[in-house]
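Working through the structure, step by step
Spelled out, the chains give:
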Amino acid sequence: MIYNFAMDNHEIHMKLKAYGKIKWPFNKFVATMAKIFMPSLGLLLKLKKANFKKIKLKDKYNYNSFVVYPKKYNGETLPLYFYLHGGGFCYKTNPAQLNVFLNILKDANLIGVIVDYSVIKRYPIPNNETLKVFDYIFENADKYRINKYKICVSGDSAGGFLALDLAYKRYENIAGLLLYFPVVDPKMETESMKLFTNTAVWNSISNKKMWDIYLGNNELNINENIDYSHFPKIYLETCEFDCLRDEGIALKDKLISKNCDVEYHFIKGVYHGFDSVSSSPIVQEAIKNREQFLLKCVREK
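Residues numbered from 1 in each chain as written. Predicted model: local features only at pLDDT ≥ 70, side-chain atom pairs only at ≥ 80, totals over all residues. Heavy atoms only, no water.

Looking at the environment of leucine 255
What counts here: Working definition: helices are DSSP H or I runs of at least four residues, strands are E runs of at least two. Numbering for both runs from the N terminus. Should any heavy atoms of two residues lie within 4.5 Å, those residues are considered in contact.
Looking at the secondary structure, you find leucine 255 in helix α9 (residues 245–257). With 27 residues separating them along the chain, leucine 255 and tyrosine 228 place their C-alpha atoms 8.4 Å apart. Setting aside its immediate chain neighbours within four residues, leucine 255 contacts Tyr228, Phe231, Ile234, Cys260 and Val262.

Written out as structure tokens, the structure reads:
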């Protein structure tokens, strides 16, 4: 199923254009400073007065994950929204991403897990940390009042890459996979990579820096030779003015060719990370579509 939607030009100008002009600096030095001075995810959750439990798994690097409960949670067993944040593998969860995450939990009445994976680390360290947290949650679902048969995994941007890799490894344990403007391909050979070299928020120059930092001389080792007949339902968003647009479209085409159940949204007139502007009706429509997909996945037997 394929959707195309956009608001009128005036609405995009008023709600999205100002944010879309911001040139976010992206390099290892700035990312290191952000890592030091950005508020921790635990502090952000406290500031939001969220109901959460911290998970600290023994590993090489110091990272935490959090099980977060919806407001007015009454102790019942609920489906899970397992979220992996974007940030070019270099930045921690930001307040806008956290707001979207918490609103989805509230609106869809889901328990959430948010993985505060290590940043500015080489592949496959964040991938391995993500897998470790997922396996722990799956094995301890009863402890956290999670329905282990109704788990949806999601990720935006770089988090989309981690979510997709996790789905390849644990697809039989995942009911739904939600990918928002995901990072997919380090080759960077698509038309949108050639077009969007200087767009604000994210562009192909930043994207190359990201892969240089994250991948270095390593090669991706992602096993796509799987049983796609058991792959979860997929929700995929791409943005019109995003260098990642065409690799997201190529992923959609590949999954459809494997007979996967794909709900695809091409969002016109927006840029990478557009959902940070919560006041925009086009953002609100996108969040509503994500929530409806989640509910569809967790309500099916």
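With respect to the packing of helix α5 (residues 125–139) against helix α6 (residues 158–170)
For clarity, the cut-off: With axes taken as lines fitted to C-alpha atoms, and helix axes fitted only over the stretch in contact, angles between N-to-C directions fall between 0 and 180 degrees. Each angle receives one of four descriptions, namely roughly parallel if under 35 degrees, roughly antiparallel if over 145, roughly perpendicular if within 65 to 115, and oblique otherwise. In this scheme the handedness of a crossing depends on how the near helix is turned from the far one: anticlockwise by less than a right angle means left-handed, clockwise means right-handed. Polar here means any residue outside two lists: the nonpolar Ala, Val, Leu, Ile, Met, Phe, Trp, Tyr, Cys and Pro, and the charged Asp, Glu, Lys and Arg; Gly therefore counts as polar.
The N-to-C vectors of α5 and α6 enclose an angle of 55°; their axes lie 10 Å apart at closest approach. Between α5 and α6, the interaxial angle falls into the category oblique. You can see that α5 and α6 cross each other, and the crossing is right-handed. The segment α5 lies against α6, with Pro126, Asn127, Thr130, Leu131, Phe134 and Asp135 engaging Phe161, Leu162, Asp165, Leu166, Lys169 and Arg170. The class makeup of the residues in the contact of α5 with α6 is six nonpolar, two polar and four charged.

Examining the nonpolar core
Put simply, the rule is: Note on terminology: a nonpolar core comprises buried Ala, Val, Leu, Ile, Met, Phe, Trp, Tyr and Cys residues joined through side-chain atoms within 4.5 Å. Buried means the residue's accessible area, taken with a 1.4 Å probe over protein chains only, is under 20% of the maximum for its type, while exposed means over 50%, and partly exposed covers the values in between.
Ranked by internal contacts, the top residues of the largest apolar core, which has 67 residues, are Phe82, Ile137, Val153, Leu177 and Phe231. Of all the elements, α6 adds the most residues to this core, at eight residues. Once residues within four sequence positions are removed from consideration, isoleucine 137 is found in contact with Ile55, Val67, Leu80, Val113, Tyr144 and Ile146. Val68, Tyr83, Phe101 and Ala108 belong to the second largest nonpolar core, which has 40 residues in total.

Comments concerning the environment of aspartate 275
Our working definition: The definition of a polar contact used here is a pair of N or O atoms within 3.5 Å, where within protein one atom must be able to donate a hydrogen and the other to accept one, and adjacent residues in sequence count solely through side-chain atom pairs.
Relative to the helices and strands, aspartate 275 resides in the loop between β9 (262–271) and α10 (281–299). Here the alpha-carbon distance between aspartate 275 and valine 68, two residues 207 residues apart in the chain, equals 21 Å. Ignoring sequence-local partners within four residues, the contact set of aspartate 275 consists of Val100, Phe181, Val283 and Arg290. Within the structure, the side chain of aspartate 275 is placed 3.0 Å from the side chain of arginine 290, a separation counted as a polar contact.

Some words on helix α8 (residues 204–214)
The periodicity of an α-helix, 3.6 residues per turn, causes residues three or four positions apart to be oriented the same way. Those residues of α8 lying buried are Ser204, Ser206, Asn207, Met210, Trp211, Ile213 and Tyr214. Looking at the buried side of α8, the elements it contacts are α2 (28–37), α5, α6 and α7 (191–195). Regarding α8, its N-cap is asparagine 203, as a side-chain oxygen of that residue lies 3.1 Å from the backbone nitrogen of isoleucine 205 further along.

Focus: the packing of aromatic side chains
How we decide: Whether two aromatic rings pair depends on their centres lying within 6.5 Å, for rings of Phe, Tyr and Trp, where Trp uses its six-membered ring; planes under 30 degrees apart make the pair stacked, over 60 edge-to-face, and the rest tilted. Should the NZ of a Lys or the CZ of an Arg lie within 6 Å of a ring centre and within 35 degrees of the ring normal, that charge is described as sitting over the ring.
All chains considered together, the criterion is met by 24 aromatic pairs. Between tyrosine 171 and phenylalanine 231, the aromatic rings sit 6.3 Å apart at their centres with planes inclined by 35°, giving tilted as the arrangement. Of this pair, tyrosine 171 sits in the loop between α6 and β7 (176–180) while phenylalanine 231 sits in the loop between α8 and β8 (233–241), placing them 60 residues apart in sequence. The class of phenylalanine 231 is buried, set by a relative accessible area of 9%. Seen from the ring of tyrosine 180, arginine 290 lies directly overhead, with NZ or CZ sitting 3.7 Å from the centre.

A closer look at the confidence of the model for the protein chain
We apply this condition: A score between 0 and 100, pLDDT records how confident the predictor is in each residue.
Mean pLDDT over the protein chain: 92, with 93% of residues reaching 70 or higher. Here residues 6–11 scores under 50 on pLDDT; set against residues more than four positions off or in separate chains, the count is seven contacts.

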